[in-house]
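Structure at a glance
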Amino acid sequence: MAPWWGREARGGSGTPVVVKMESPDWAISEVAAAAPGSPAAGGKAGRGKNARQITWVLLLKAHRAAGKLTGAASAALSVAAAARRRVAAGRTDSDAGALPPGESHVLRTRFYGFLRAFLLLSMLLLAVDVAAHIQGWHLGAVPDLLAVEGFFAAAYASWVRARLEYLAPALQFLANACVVLFMIQSADRLILCLGCLWIKLKGIKPVPKVGAGKGSDDVEAGADDFPMVLVQIPMCNEKEVYQQSIGAVCNLDWPRSHFLVQVLDDSDDAATSSLIKEEVEKWQREGVRILYRHRVIRDGYKAGNLKSAMNCSYVKDYEFVVIFDADFQPQADFLKRTVPHFKGNEDVGLVQARWSFVNKDENLLTRLQNINLCFHFEVEQQVNGVFLNFFGFNGTAGVWRIKALEDSGGWMERTTVEDMDIAVRAHLKGWKFLYLNDVECQCELPESYEAYRKQQHRWHSGPMQLFRLCFVDIIRSKIGVWKKFNLIFLFFLLRKLILPFYSFTLFCIILPMTMFVPEAELPAWVVCYIPATMSLLNILPAPKSFPFIVPYLLFENTMSVTKFNAMISGLFQLGSAYEWVVTKKSGRSSEGDLVALVEKQPKQQRVGSAPNLDSLAKDESHPKKDSKKKKHNRIYRKELALSFLLLTAAARSLLSVQGIHFYFLLFQGVSFLVVGLDLIGEQVE
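Rules behind the numbers
- Residues numbered from 1 in each chain as written.
- Predicted model: local features only at pLDDT ≥ 70, side-chain atom pairs only at ≥ 80, totals over all residues.
- Heavy atoms only, no water.
- Helix = DSSP H or I, 4+ residues; strand = E, 2+ residues; numbered from the N terminus.
- Contact = heavy atoms within 4.5 Å.
- Buried < 20%, exposed > 50% of the residue type's maximum accessible area, 1.4 Å probe, protein only.
- Polar contact = N/O pair within 3.5 Å; in protein donor to acceptor, adjacent residues only side chain to side chain.
- Pairing = 2+ DSSP bridges.
- Axes fitted to C-alpha atoms, helices over the stretch in contact; angles between N-to-C directions.
- Salt bridge = Lys/Arg side-chain N within 4 Å of Asp/Glu carboxyl O.
- Phe/Tyr/Trp six-rings, centres within 6.5 Å; stacked < 30°, edge-to-face > 60°.
- Core = buried A, V, L, I, M, F, W, Y, C linked by side-chain atoms within 4.5 Å.
- Patch = residues over 30% accessible without salt bridge, like charges linked within 9 Å, V, L, I, M, F, W, Y side chains within 5 Å.
- Areas by Shrake-Rupley, 256 points an atom, 1.4 Å probe, with all protein chains shown as cover.
- Expected span 1.5 Å × (residues − 1).
- Parallel < 35°, antiparallel > 145°, perpendicular 65-115°, else oblique.
- Nonpolar A, V, L, I, M, F, W, Y, C, P; charged D, E, K, R; others polar.
- pLDDT = per-residue confidence, 0-100.
- Right-handed = clockwise from strand over helix to strand, strands pointing away.

**Here's the deal with the side chain of Gln381**
Structurally, the position occupied by Gln381 is in helix α11 (residues 364-387). Not counting residues up to four positions away in its chain, the partners in contact with Gln381 are His376, Phe391, Gly392, Asn394 and Tyr435.

Below, the structure is given as structure tokens:
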């Protein structure tokens, strides 16, 4: 690229500069140096040219900064417009759908009523403290306040005395108790990370025993060397993703005579069931051993579906069963990388693979979910699998020994976490689990906050249901004392009960209360430094997500209200604990990827099971108008109430000059506001 000023253009010598614009970052390249003693080296002309060059560079920088400011302003206006539309629409989480059987509207809104009353009280206390601050009373002792005449002064003196004698000691005790729980949970998280580091340094991973690979990698192995495998795909109204999962499973690299696919359809939509049945029939014509099963009544939800399928007479001919949810796409070599681990290990009942996500970069919500789940698989599952041979079954992308399932009592419909239930019962029977971190199975993350919220409610209420039901069985079991301690304290209490309890209580209730009762306090290291350190540890398995560490910390505290509510529902058998809602799928890993192939693939006659990409693209360009249920963004009242509570506490903290506490409360309040207005996930226009 020729310089647009230089000695050829000006007739003199100088330092021509090329401004490269190939990328948004400007760069300066000197292409010629001034000779010593030349006019450009010290004359007025040289100084003038250098000044013009610097001026151009500054103008480019100013242009870039203005572009960023314009983009930020445009984004802020878009968010404000979305919030205004959300408020104008008036759709809240209270009218999101019919209540679950046995749950009253009063029961569902009791928690929200408590938060609303707490918010009104905090606003009243803020008004009182502001009035006292104007009078200068907040700096005086109680005897000095009693000397001031007037009803308001006497009332404020009584309030200060009550704070000192009654509220502050009790609040400080609760704060200290939550801090102790917080430190125990942080220590557990640190130990898990150290265990993961040890595994990485030592290169520890499950390896099939010698000879176990025959029938998988041995090219001379016959079909008789492959064990019989049953593959189950439970689904319910999975219109967006059924095609991809069935296609991926039918293409597994395993002798077709030695595996059978069961498509377990619980759909109550006739059109969806018809589509799934047609897909099954298409693969049957291709020679795949695949069966379609449909239940009209969804007794027991997923557990009832799997239990019904295992009662078929032909199941006795199979040694292993693999489960894939409707949005999972296993690689062709999935069975060859998992099943060999059972050979020679007769006490192994489960081999679990890792999840990977096709839409992890879709929006901020999916990015934050990816951080959590990367830590879960990379650290929690791997460490527990290596050192304890036990972890919670993830419900999909796992291979079970059918003998282990039967020995543990089979699938039960007593909770909404049938996967964790069967895993705990198998562990109590002495079966061991293996986790393969290097075997991945692609799936989807919920893209809307509503879907994610319902998923998390089920995932956090179910374990508390299960803990109540199996506590006595754990105590009476014949497993070792350490395994009992791990199950009761670490697996259930610490990670399923204490974590959501202290997250919500400490950061959403006690911290705001200490602003209105300043005699009780939380140290800055509890509010800022330890949570930041724990968030840093959580984000290490997903290093590309490091720029999202602050949103991740704030969002985890924001989700604590949903997790706490779910934990209480499961622990005390409230109606919402038994609510099962199928997580909504977008189908991006099927429709989006296939449509993208239309332009790449040449026009040719399709054979076998190749999908009709042209018709799929046409369907994408002409969306169906007769949608059964339209999606909407909603206002979440509990999150909004907590937002105003935290922002009120942040305003009160300014009177006490508490810097870190103010910023934490401010940003956490804004985080609750963003989530409460449903601005974090998928936006429906």
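**Some remarks on the side chain of Lys563**
Note that Lys563 resides in helix α17 (residues 549-571). A relative accessible area of 11% means that Lys563 is categorised as buried.

**Here's the deal with the environment of Ser671**
Mapped onto the elements of the fold, Ser671 is located in helix α21 (residues 659-676). Sequence separation of Ser671 and Leu554 is 117 residues, and the distance between their C-alpha atoms is 6.3 Å. The contact partners of Ser671, leaving out residues within four places of it in the chain, are Leu554, Phe555 and Thr558. Among the polar contacts made by the side chain of Ser671, one reaches the side chain of Thr558 at a distance of 2.8 Å.

**Side note on the sheet that holds strand β3 (residues 229-235)**
Spatially, β5-β4-β3-β6-β8-β7-β9 is the arrangement adopted by the seven strands of the open sheet, whose pairing is mixed. Here the strands that pair on one side only, and so sit at the sheet edges, are β5 (290-294) and β9 (432-443). Neighbour-to-neighbour, the strand axes of the sheet open up by a mean angle of 20 degrees, direction not taken into account. Of the pairings in the sheet, the one linking strand β6 (residues 320-323) to strand β8 (residues 398-401) comprises four bridges and is antiparallel in character. Bridge pairing in β8 places Val322 opposite Val399. Sheet strands in contact with helix α7 (residues 242-250) are β3, β4 (259-265) and β5, and its direction is about 175 degrees off that of β3.

**Points about the pattern of salt bridges**
Here the structure, examined in full by the defined rule, presents 22 salt bridges. Note that Arg401 and Glu346 form a salt bridge whose closest N and O atoms lie 3.6 Å from each other. Placement of Arg401 in strand β8 and of Glu346 in the loop between α10 (334-338) and β7 (348-357) is noted, with a sequence separation of 55 residues between them. The exposure class of Arg401 is buried, given its relative accessible area of 5%. Judged by relative accessible area, Glu346 falls into the exposed class, the value being 58%.

**Digging into the packing of aromatic side chains**
Throughout the structure, instances matching the rule amount to 25 aromatic pairs. Between Phe391 and Phe433, the aromatic rings sit 5.6 Å apart at their centres with planes inclined by 65 degrees, giving edge-to-face as the arrangement. In this pair, Phe391 sits in the loop between α11 and β8 while Phe433 sits in strand β9, placing the two residues 42 residues apart along the sequence. Accessibility classification places Phe391 together with Phe433 in one group, the buried group.

**Considering the nonpolar core**
Grouped together as the largest cluster of nonpolar side chains are 83 residues, with contacts concentrated most on Ile246, Trp400, Val424 and Phe492. Broken down by element, this core gets its largest block of residues, seven residues, from β9. In this structure Trp400 touches Glu319, Phe320, Val321, Phe342, Gly349, Leu350, Phe393, Leu405, Ile422, Ala423, Ala426 and Phe433, once residues within four positions along its chain are discounted.

**Quick look at the environment of Leu275**
By the secondary structure assignment, Leu275 is in helix α8 (residues 270-285). Separated by 36 residues in the primary sequence, Leu275 and Lys239 place their C-alpha atoms 7.9 Å from one another. Among residues more than four places away in sequence, those in contact with Leu275 are Lys239 and Tyr242.

**Here we look at a nonpolar patch on the surface**
Taken together, the side chains of Met183, Trp525, Tyr529 and Ile660 define a hydrophobic patch exposed on the protein surface, amounting to about 370 Å² of accessible area. Take Tyr529: it is sitting in helix α16 (residues 524-539).

**Remarks on helix α20 (residues 637-653)**
Counted at 1.5 Å a residue, the expected span for α20 with its 17 residues is 24 Å, and the 24 Å between its end C-alpha atoms agrees. The element α20 is extensively covered by neighbouring structure, given that 13 of its 17 residues are classed as buried.

**Looking at α17**
Residue pairs spaced three or four apart in an α-helix point in one direction, given the helix's 3.6 residues per turn. With 23 residues, α17 ought to run about 33 Å at 1.5 Å a step, and its terminal C-alpha atoms sit 31 Å apart, in line with that. Of all 23 residues that make up α17, 19 are buried, and the element is covered over most of its length. Gln573, located one to two residues past α17, shows a positive phi value of around 55 degrees.

**Things to note about the packing of helix α6 (residues 151-202) against α11**
Two quantities define a packed helix pair, namely the angle between the helix axes and the distance between the axes. As a packed pair, α6 and α11 sit with axes 9 Å apart at the nearest point and diverge in direction by 75 degrees. Classified by the interaxial angle, the pair formed by α6 and α11 is roughly perpendicular. On the side of α6, the interface is formed by Arg189, Leu192, Cys193, Gly195, Cys196, Trp198, Ile199 and Lys200, while α11 contributes Phe375, Glu378, Val379, Glu380, Gln382, Val383, Asn384, Val386 and Phe387. Here the residues of the contact of α6 with α11 are counted per class, giving ten nonpolar, three polar and four charged.

**Concerning the confidence of the model for the protein chain**
Looking at the protein chain, pLDDT values average 81 and 77% of them are 70 or higher. Predicted confidence for residues 1-15 stays below pLDDT 50, and this span has 33 contacts to residues more than four positions away or in other chains. When the criterion is pLDDT under 50, residues 21-36 qualifies, and its contacts beyond four places in sequence or with other chains add up to 32 contacts.

**Considering the pairing of β3**
Among the seven residues in β3, seven count as buried, and that is most of the element. Burial along β3 is two-sided: Val229, Val231, Ile233 and Met235 facing one way and Leu230, Gln232 and Pro234 facing the other are all buried. Where β3 lies against β4, seven bridges are found, and the strand directions are parallel. What sits directly across from Ile233, in β4, is Val263. This β-α-β element, β3 to α7 to β4, shows right-handed connectivity. Both β3 and β6 contribute to a ladder of four bridges, which runs parallel. Directly across from Gln232, in β6, lies its bridge partner Ile323.

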